[in-house]
Protein chains: 2
Amino acid sequence: MTQTPASPARFDVCAVGNAIVDVLSPCEPAFLDGRGLTPGSMQLVDEAQSADLYAAMAAGVEASGGSAGNTVAGVGSFGGRAAYVGKVAPDQLGEVFSHDIRAVGVHFDTAPLEGGQGTGRCLINVTPDGQRTMCTFLGAANQLSVEDIDAALIGDSAIVYLEGYLFDPAPARAAFEQAARAAHAAGRKVAITLSDTFVVARWRAELLAFIEASADIVLANEAELAALFETEDFDAACDRLAAMVEVAAVTRGASGSVIVRGDERAAVAAFPVDKVIDTTGAGDQYAAGFLLGLARGLDVADAGALGSLAAAEVIAHWGPRPMTPLVDLAKSQGLTLGA
Amino acid sequence: MTQTPASPARFDVCAVGNAIVDVLSPCEPAFLDGRGLTPGSMQLVDEAQSADLYAAMAAGVEASGGSAGNTVAGVGSFGGRAAYVGKVAPDQLGEVFSHDIRAVGVHFDTAPLEGGQGTGRCLINVTPDGQRTMCTFLGAANQLSVEDIDAALIGDSAIVYLEGYLFDPAPARAAFEQAARAAHAAGRKVAITLSDTFVVARWRAELLAFIEASADIVLANEAELAALFETEDFDAACDRLAAMVEVAAVTRGASGSVIVRGDERAAVAAFPVDKVIDTTGAGDQYAAGFLLGLARGLDVADAGALGSLAAAEVIAHWGPRPMTPLVDLAKSQGLTLGA
């Protein structure tokens, strides 16, 4: 499916995702129950539902988010070369998103949406155990389209990383397909994250078809993997995934992750954390370390170790992106970042 | 100067301040040096300077701020009854500010500024030792005026709390005077914080005159106290302050605080913290506990202990307001909150 790339890539990772600002507030489990929210899930809401939920939420903090945006911010924090494609509006939250992703050195020049809805936002309620439950108003992010896909940019990235959440808006799904074609035409790798069990449930057949036809690398957690293959048999699900892609990483929360490649199954430990504050972005940061490692040609276990380190950093504080440069943390832990 | 209040107050504390959203980013000390910023200070910037600094800052998080706004949010987090007077614009940051302050139960109905500048923002660079250095673009907050002062609201609050930063914009300074008159006319107490050494330097004579004529309670840190009386002799400065007001609390960072009342000097210990992350809001949260304690008729040492507890909560995470309900923390520490 892939060709030998013509030249070294300018970027390690180029991500395509929903450009979103997070609003993070603490809550008790009863708050989720009372509003019919499934703990740990992401659901889409419209502008009115978003306003209604926000009015009921506790005071909180705002931080740039979006799953794949978090991942490339993590790649940038490791000192990697990353690019991002996603749609904001020309408003204050859009400025915040654009500032934060560029501030970690990520190339971001998708044209903002003029005259449409505001920048997307994700309302995140975090229970005392650190688990996050998300309600996303996509806003401008919903309008990402094939016109936003720059084939030259994608072709100059070792890995293009696609956010499973983008299966929800139809125009973005088309952009997604186009990005995969551009990557393979240039002999680059295509990675995808399954994002969420409900996304997998909504788009299971389409995701399976896309992975089979276009993905070289898959990121998932064990619940998403179970949903994709409709089985609770972890080993069987790994085998099925291994038959479809070159390599996959399946995260298992505090139990670490398993990297799947052909017949190989490499277990990677989670990195210890004093106290889990907010798990928002844990999977996204794992993906940052893992993808950067693959792009740099590291052994899969070393790539997974970078993922574990980045996930540990982000769950120890509020917000979905690193607050301490991951390049410094990797150095202090003696982890290699490759060339 | 004060009369006996006619009836119990509806609110424990009503604060008048600059309504501002904080943008908090980590930085190295060299970043401050390179831009001529005095570590630990607050300086005012215009919109262009704000945009220029923001472009150079690291990725960060946004959180509702404003010194007195943080304080009443803390009062609300303790379960106290609080109100706030301050000016936002009808924009996304204004929505965030309004949401967050109301979400902790604070009464806030100042009319937003129509057709003017955007909601004020404070760009905060935080060094690895947790110290914050602030550059504030006041925006809409700058337009607070006497028309925003509701004498009935102020008169129904046990303490009106005035933010020293409001000495900078002239219309707000007038609002400030009017609020003090309304409080005293209703037999309530007037509290003021000195806010910042540079504010004290800019408005020293005016602040001294205001405190002498109108303040019953003063909050300051030791550097601001030294600047106010132009002396490094801490005890002498406390004596001069004691001669001007009923009670004052002077914070001394990790050394705790000293409460000054007539000839009495009560030392209050700081509450231990595992790791200081971001000191933004430490003084504001101390003020929350101290003022709520005074409003509830606690002993000054017990009021100071509430202040120490609230300050410890806020410096252990990013952002200037409590993320854990202070009422729960006080309960777990066996601290009394009064009636």
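Going by the structure above, here's the rest.
Residues numbered from 1 in each chain as written. Chains lettered and ligands numbered in written order. Predicted model: local features only at pLDDT ≥ 70, side-chain atom pairs only at ≥ 80, totals over all residues.

Draft legend 1. Inspection of the overall build of chain A at higher detail. On a plain count of helices and strands, chain A comes out with 13 helices and 14 strands. Against the 2.2 N^0.38 benchmark of 20 Å for 339 residues, chain A shows a C-alpha radius of gyration of 18 Å, consistent with a compact globule. Classification of the 339 residues of chain A by burial places 58% in the buried group. Contacts in chain A between residues far apart in sequence, at least 24 positions, make up 77% of those at least 6 positions apart. (Helix = DSSP H or I, 4+ residues; strand = E, 2+ residues; numbered from the N terminus. Rg over C-alpha atoms; globule rule 2.2 N^0.38 Å. Buried ≥ 20, exposed ≤ 12 C-beta atoms within 10 Å, placed from the backbone. Contact = placed C-beta atoms within 7 Å.)

Draft legend 2. Representation of the sheet that holds strand S4 (residues 61-64) of chain B. Taken in spatial order, the 10 strands of this open sheet run S3(A)-S8(A)-S7(A)-S2(A)-S4(A)-S4(B)-S2(B)-S7(B)-S8(B)-S3(B), and their pairing is mixed. Strands with a single pairing partner mark the edges of an open sheet, and in this sheet they are strand S3 (42-44) of chain A together with strand S3 (42-44) of chain B. Strand-to-strand twist in this sheet, taken as the mean axis angle between neighbours without regard to direction, amounts to 25 degrees. Judged from the 3 bridges that link them, strand S4 (residues 61-64) of chain A and S4 of chain B form a sheet pairing that is antiparallel. Each bridged residue has a counterpart across the sheet, and for Ala 63 of chain A the counterpart in S4 of chain B is Val 61 of chain B. (Pairing = 2+ DSSP bridges. Axes fitted to C-alpha atoms, helices over the stretch in contact; angles between N-to-C directions.)

Draft legend 3. Region of the structure containing the nonpolar core. Core analysis: the largest hydrophobic core is formed by 242 residues, its most contacted members being Val 13 and Leu 291 of chain A together with Val 13 and Leu 291 of chain B. Non-local contacts of Leu 291 of chain B, meaning those with residues more than four positions away in its chain, are made with Val 13, Thr 71, Val 75, Ile 159, Tyr 161 and Ala 191 of chain B. (Core = buried A, V, L, I, M, F, W, Y, C linked by C-beta atoms within 7 Å.)

Draft legend 4. Examining the packing of helix H11 (residues 282-295) of chain A against helix H12 (residues 300-315) of chain A more closely. Residue and element names in this part refer to chain A. Where H11 meets H12, the axes come as close as 7 Å, and the angle between the chain directions of the two elements is 150 degrees. Taken as axis vectors, H11 and H12 run roughly antiparallel relative to one another. In the packing of H11 onto H12, the handedness of the crossing is right-handed. Between H11 and H12, the contacting residues are Ala 282, Gln 285, Tyr 286, Ala 287, Ala 288, Gly 289, Phe 290, Leu 292, Gly 293 and Leu 294 on the first element and Asp 302, Ala 303, Gly 304, Leu 306, Gly 307, Ser 308, Leu 309, Ala 310, Ala 311, Glu 313, Val 314 and Ile 315 on the second. Each residue belonging to the contact of H11 with H12 can be placed in one class, and the counts come to 14 nonpolar, 6 polar and 2 charged. (Parallel < 35°, antiparallel > 145°, perpendicular 65-115°, else oblique. Left-handed = near helix turned anticlockwise from the far one by under 90°. Nonpolar A, V, L, I, M, F, W, Y, C, P; charged D, E, K, R; others polar.)

Draft legend 5. Geometry of the sheet that holds strand S5 (residues 82-85) of chain B. All names here are of chain B. One open sheet holds the 9 strands; their spatial order is S6-S5-S1-S9-S10-S11-S12-S13-S14, and the pairing between them is mixed. Every other strand in the sheet has two partners, leaving strand S6 (107-108) and strand S14 (264-268) as the edge strands with one partner each. Judged from the 2 bridges that link them, S5 and S6 form a sheet pairing that is parallel. Directly across from Ala 83, in S6, lies its bridge partner His 107.

Draft legend 6. Structural detail: the relation of the copies chain A and chain B. In screw terms, the move from chain A to chain B is a rotation of 180 degrees and a rise of 0.0 Å along the axis, fitting with an RMSD of 0.0 Å. Here the transformation between the copies is reduced to the relation of a two-fold axis. The C-alpha atom lying nearest the rotation axis in chain A is that of Glu 62 of chain A; the distance is 2.4 Å. (Least-squares fit on C-alpha atoms with pLDDT ≥ 70 in both.)

Draft legend 7. Focus on the pairing of strand S12 (residues 247-251) of chain A. Residues and elements named next belong to chain A. With respect to burial, S12 is a largely interior element, 5 of its 5 residues being buried. Side chains Val 247, Ala 249 and Thr 251 project from S12 onto one buried face, and the interleaved Ala 248 and Val 250 project onto a second face that is buried too. As defined by bridge partners, S12 adjoins strand S13 (residues 257-261) across 4 bridges and the pair is classed as antiparallel. What sits directly across from Ala 249, in S13, is Ile 259. Hairpin connection from S12 to S13: 5 residues lie between these consecutive antiparallel strands, with Gly 253 at a positive phi of about 60 degrees.

Draft legend 8. Spatial organisation of the interface of chain A and chain B. On the side of chain B, 24 residues touch chain A, which itself brings 24 residues to the contact. For the side of chain A that touches chain B, the secondary-structure elements that each account for two or more residues are S4 and helix H4 (92-103) of chain A. Sort the elements by how many residues they give to the side of chain A that touches chain B and H4 of chain A lands first, with 6 residues. Of the residues that constitute the side of chain A that touches chain B, the class distribution is 14 nonpolar, 6 polar and 4 charged.

Draft legend 9. Broad picture of the environment of Gly 34 of chain A. Mapping Gly 34 of chain A onto the fold places it in helix H1 (residues 29-34). Separated by 62 residues in the primary sequence, Gly 34 of chain A and Val 96 of chain A place their C-alpha atoms 32 Å from one another.

Draft legend 10. Geometry of helix H8 (residues 222-229) of chain B. All names here are of chain B. Turning to H8, its buried residues are Glu 224, Leu 225, Ala 227 and Leu 228. With its buried residues spanning 160 degrees around the axis, H8 presents them on a single face. Packing partners of the buried residues in H8 comprise helix H7 (197-214), strand S11 (217-221), helix H9 (234-242) and strand S12 (247-251). Directly after H8, the chain includes Glu 230, whose backbone phi takes a positive value near 50 degrees. (Arc of directions from axis to C-beta.)

Draft legend 11. Broad picture of unusual backbone geometry. A positive phi angle is found at Glu 230 of chain A, which is not glycine, with a value near 50 degrees. Position of Glu 230 of chain A relative to the elements: it lies in the loop between helix H9 (222-229) and helix H10 (234-244). The phi torsion at Ser 195 of chain B lies on the positive side, around 75 degrees, for a residue other than glycine. With respect to the helices, strands and loops of the structure, Ser 195 of chain B is situated in the loop between strand S10 (189-193) and H7. Owing to 28 C-beta atoms within 10 Å, Ser 195 of chain B belongs among the buried residues under this scheme.

Draft legend 12. Geometry of the environment of Cys 122 of chain A. Residues and elements named next belong to chain A. Checked against the element boundaries, Cys 122 lands in strand S7 (residues 120-126). It is 12 Å that separates the C-alpha atoms of Cys 122 and Gln 49, two residues lying 73 residues apart in sequence. Those residues in contact with Cys 122 that lie beyond four places of it in its chain are Ile 20, Asp 22, Gly 65, Met 134 and Thr 136.

Draft legend 13. Structural detail: the packing of H7 of chain B against H8 of chain B. All names here are of chain B. Running from N to C, H7 and H8 point in directions that differ by 45 degrees, and their axes come no closer than 9 Å. For the element pair H7 / H8, the angle class is oblique. Crossing geometry of H7 relative to H8 is assigned as right-handed. For the pair formed by H7 and H8, the contact residues are Thr 197, Val 200, Ala 201, Arg 204, Leu 207 and Leu 208 on the first element and Ala 223, Glu 224, Ala 227 and Leu 228 on the second. Split by residue class, the contact of H7 with H8 holds 7 nonpolar, 1 polar and 2 charged.

Draft legend 14. The pairing of strand S7 (residues 120-126) of chain B, seen in detail. Residues and elements named next belong to chain B. The element S7 is extensively covered by neighbouring structure, given that 7 of its 7 residues are classed as buried. By the alternation rule, side chains of S7 split into Gly 120, Cys 122, Ile 124 and Val 126 and Arg 121, Leu 123 and Asn 125, which are all buried. Where strand S2 (residues 20-26) meets S7, 7 bridges bridge the pair, whose relative direction is parallel. By the bridge assignment for S7, Leu 24 is matched with Ile 124. Sheet topology places S7 next to strand S8 (residues 132-137); 6 bridges connect them, and they run antiparallel. The residue of S8 that forms the bridge with Ile 124 is Met 134. Here S7 folds back onto S8 in antiparallel fashion, the turn holding 5 residues, of which Gly 130 has a positive phi close to 90 degrees.

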